[in-house]
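# Close look at the chain arrangement
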Amino acid sequence: MIENSAEKKLLLLVKYAMPLVTIFVSFIFTLFMIFNNIEEFKKDSKDLKADYIKNQKALVKSEVKRVYDRILKNQTSVIPTIEKNIKNRINESYEIAMNIYKEHKNKKTNNEIIKLIGDSLRGVKFNEKRGYYYIFDFNGNCILYPPNRKLENNNYLSYEDPNGFKIVEESIKIAKAKKEGYLKFLWKKPKKNKFSTKLSYIKAIDELGIYIGTGEYVKDFENSIKKKTIENLQNLRYGLNNFVFLVDYNGTYLSHLKKDYVGLNRMDLQDKNGTYITKKIIDTAKSGDGFISYISTIMPETNKPAQKTTYVKGFDKWQIAIASGFYSKKIEEQIILREKSLNKRNSEYILKILFISIIITIFLFAISLYVSYYLEKYFLKYRKKIFEEMEKNKKKDLILAHQTKMVAMGEMIENIAHQWRQPLSVITTSASGMQLSKEMGILTDENQKESIDIIILNANHLSQTIDDFRNFLSTKHDAKTFELQAVYDKTLKLISSKLKSNEIQIDTNIEDIKIKAYENELIQVLMNLFNNSFDAFKIRNIKDKKINFNVFKKDKNVIIEFSDNAGGIDTELITRIFEPYFTTKHKFNGTGIGLYMSQQIINKQFNGEIKVKNIKKEDNVIGVMFTIKLPIN
């Protein structure tokens, strides 16, 4: 009776208090929204200029960084590009020489064949006429040297460059031992009495006892790359009139929006305040990077001087300052426009709040009356049932969460064990070998350094493995923008050991797509799909294991297709695989929660869907395909 009396009093309180509370809360909420919006407007107006300047600084800095990265990439590609270029050239000449040898080997002497080869290569020029072929025999005699024929028919076996490097002797060693290879030395440039670093590639023709070589001066090639890079950046623009310009450390402008400035030395350029603009840009570049302010000589929109803030970053290897900036006048105009728009929008927003608030208040008042009258009728009936269901769901969620955690931990431990096994074996072997060599008294500094390098390399690999799995198991669940290619790469990295041990062929076709979502959860879903395929391959003892992984954009969605040739799923069971605790691999320790959790992740956290179907070939089921559809926005 006490309980019933208390419930009746509670229901009476709800019946009469709820409508009044609804009106009061709605009124307070409306006032709060109005005054909060007014305060936000004041704050936005106050901080608008600072935020706009901050955004503009971030923009010009990112554009300068983008150009810097592009220049750095081209600069660091000089040596690899030279190596590839001269090797290709030597392979071409080698084919020519061998064709001549094969054609005349039974008709002419070796010396006659060598002369024919030399005559065929003498006039060949490349790399802007800097490149040529030279030929030496294994005794150090010069047979072909197009830049100076007077050097031919002389022996240079003992010739050394200014650093004491015996070029011909070392070339012969490579030709005899390795048949082909690279050399780096100092060589006097043709028509110039000056030595410069040259990278060369030689290849032996054992049948004739000679080797063919060619090379490239590193500085000349780098200057060529530098020239092409600057030419490609001449017309670089972003936005309407925003641009990145380049100045060398001597004050000469290499690229600029105004083409008349290109090639001019403007080291003495001053603004009306007496600031030496170009000198200030170069000094900032030499110190690293930073922002500077000055009066620009011309603003593109007005063709008049204007206050400008510029970000500068130096590229010391090429003695270049990279810069881009924005004008204060342009910012002030944008701020005025934004303030007007913000003020108008704020007024409209307040009116909308008042109107919507009145409508919502009336609606909630009516609903509260209706609900209060029927609340008593259903309260007692469902109270007990609600409590029971809550207890059931709580127990179920706890069990499922625990099982999911244990499965994930088991798989992670197994993957870490697989990826650690080989590096640990290498570390153990290197350490044991080093200890044994020391005990036998045959341990050299070179062997010790080689063993230590191997141990450090593999220890770093172990550390990287921990970092990879720790990032995957991170508890951070904030949505972020990421590339689907990166998600695929991280997934393969986590299961790389299983891929190697199972010898599985993976064919991929992944478009360049970014989405904003939960990266680790998507990796978990993909790992579930891969692990299910691994188990299916094992259960059915598939010999030629294949997995296809495709990602593409369709309408406003991302489609992920995952398929294998592991024999598919029984028709009677395929409709149940997303049910919790349902599994088709009891004998292989299947838990039945992997696909269920994958579906929950895709549906609830990505607002997407996941479907499955068997793949058939001539009425035979050969595999299964999972299709995941995720909204891009």
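So, here is what we can say about the structure in this document. (Residues numbered from 1 in each chain as written. Predicted model: local features only at pLDDT ≥ 70, side-chain atom pairs only at ≥ 80, totals over all residues. Heavy atoms only, no water.)

## Brief notes about the overall build of the protein
When you go through the protein residue by residue, the secondary structure sums to twelve helices and 19 strands. Out of the 633 residues belonging to the protein, those deemed buried represent 39%. Accessible area of the protein: about 38400 Å², with a carbon and sulfur share of 54%. (Helix = DSSP H or I, 4+ residues; strand = E, 2+ residues; numbered from the N terminus. Buried < 20%, exposed > 50% of the residue type's maximum accessible area, 1.4 Å probe, protein only. Areas by Shrake-Rupley, 256 points an atom, 1.4 Å probe, with all protein chains shown as cover.)

## A closer look at the pattern of salt bridges
Throughout the structure, instances matching the rule amount to 19 salt bridges. Across the pair Glu-92 and Arg-89 runs a salt bridge, and its minimum N-O distance is 3.6 Å. Here the residue Glu-92 and the residue Arg-89 both occupy positions in helix α2 (residues 78–104), the gap between them amounting to three residues, near one helical turn. On the basis of relative accessible area, Arg-89 is assigned to the partly exposed category, the value being 25%. (Salt bridge = Lys/Arg side-chain N within 4 Å of Asp/Glu carboxyl O.)

## A look at the pairing of strand β19 (residues 620–631)
Taken together, the seven bridges between strand β17 (residues 557–564) and β19 define a ladder with antiparallel strand orientation. If you follow Phe-562 over to β19, its bridge partner there is Phe-626. Two elements, strand β18 (residues 609–617) and β19, share nine bridges in a ladder whose sense is antiparallel. From the neighbouring strand, Ile-610 faces β19, where its bridge partner is Ile-628. Once β18 ends, the chain turns through two residues before running back antiparallel as β19, passing Glu-618 with a positive phi of about 55°. (Pairing = 2+ DSSP bridges.)

## Examining helix α4 (residues 167–177)
Those residues of α4 that fall on the buried side of the exposure criterion are Ile-167, Val-168, Ser-171, Ile-172, Ile-174 and Ala-175. Buried residues of α4 fall within an arc of 165° about the axis and therefore sit on the same side. Where α4 is buried, its residues contact β1 (134–137), β3 (180–188), β4 (195–205) and β5 (210–217). Positive phi shows up at Lys-179, right after α4, with a value of about 75°. (Arc of directions from axis to C-beta. Contact = heavy atoms within 4.5 Å.)

## Some remarks on the environment of Ile-174
In this structure, Ile-174 sits in helix α4. Expressed as a C-alpha distance, the spacing of Ile-174 and Tyr-211, which sit 37 residues apart in the sequence, is 9.8 Å. With near-sequence residues (within four places) excluded, Ile-174 lies in contact with Lys-179, Glu-180, Gly-181, Tyr-182, Leu-183 and Ile-202.

## Description of the packing of aromatic side chains
All told, the structure shown has 20 aromatic pairs when counted by the stated rule. Note on Phe-530 and Phe-562: the rings are 5.0 Å apart at their centroids and 85° apart in plane angle, and the pair reads as edge-to-face. Taken together, the positions of Phe-530 in helix α11 (residues 519–540) and Phe-562 in strand β17 put the pair 32 residues apart, joining distant regions of the chain. Ring pairing ties together the aromatic residues Tyr-132, Tyr-145, Tyr-159, Phe-185 and Trp-187, which thus form one cluster. Seen from the ring of Tyr-261, Arg-266 lies directly overhead, with NZ or CZ sitting 3.8 Å from the centre. (Phe/Tyr/Trp six-rings, centres within 6.5 Å; stacked < 30°, edge-to-face > 60°. Lys NZ or Arg CZ within 6 Å of the ring centre and 35° of its normal.)

## A short note on the pairing of strand β16 (residues 546–554)
Strand direction decides the pairing type here: strand β14 (residues 505–510) and β16, joined by six bridges, are parallel. By the bridge assignment, Asn-509 is partnered in β16 with Asn-550. Two elements, β16 and β17, share eight bridges in a ladder whose sense is antiparallel. Bridge assignment links Lys-553 to a residue of β17, and that residue is Val-558. The hairpin formed by β16 and β17 contains two residues between the paired strands, and Asp-555 there has a positive phi angle of roughly 55°.

## A look at the sheet that holds β14
Here we have five strands laid out as an open sheet, ordered β14-β16-β17-β19-β18, and mixed in their pairing. Each of the sheet's edge strands pairs with one partner strand only, and the pair in question is β14 and β18. Along the sheet, successive strands turn relative to each other by an average axial angle of 15°, direction set aside. On the sheet, helix α9 (residues 484–494) packs against β14, β16 and β17 and is oriented at approximately 165° with respect to β14. Along the sheet, helix α12 (residues 594–605) contacts β18 and β19; its crossing angle with β18, the most-contacted strand, is approximately 125°. (Axes fitted to C-alpha atoms, helices over the stretch in contact; angles between N-to-C directions.)

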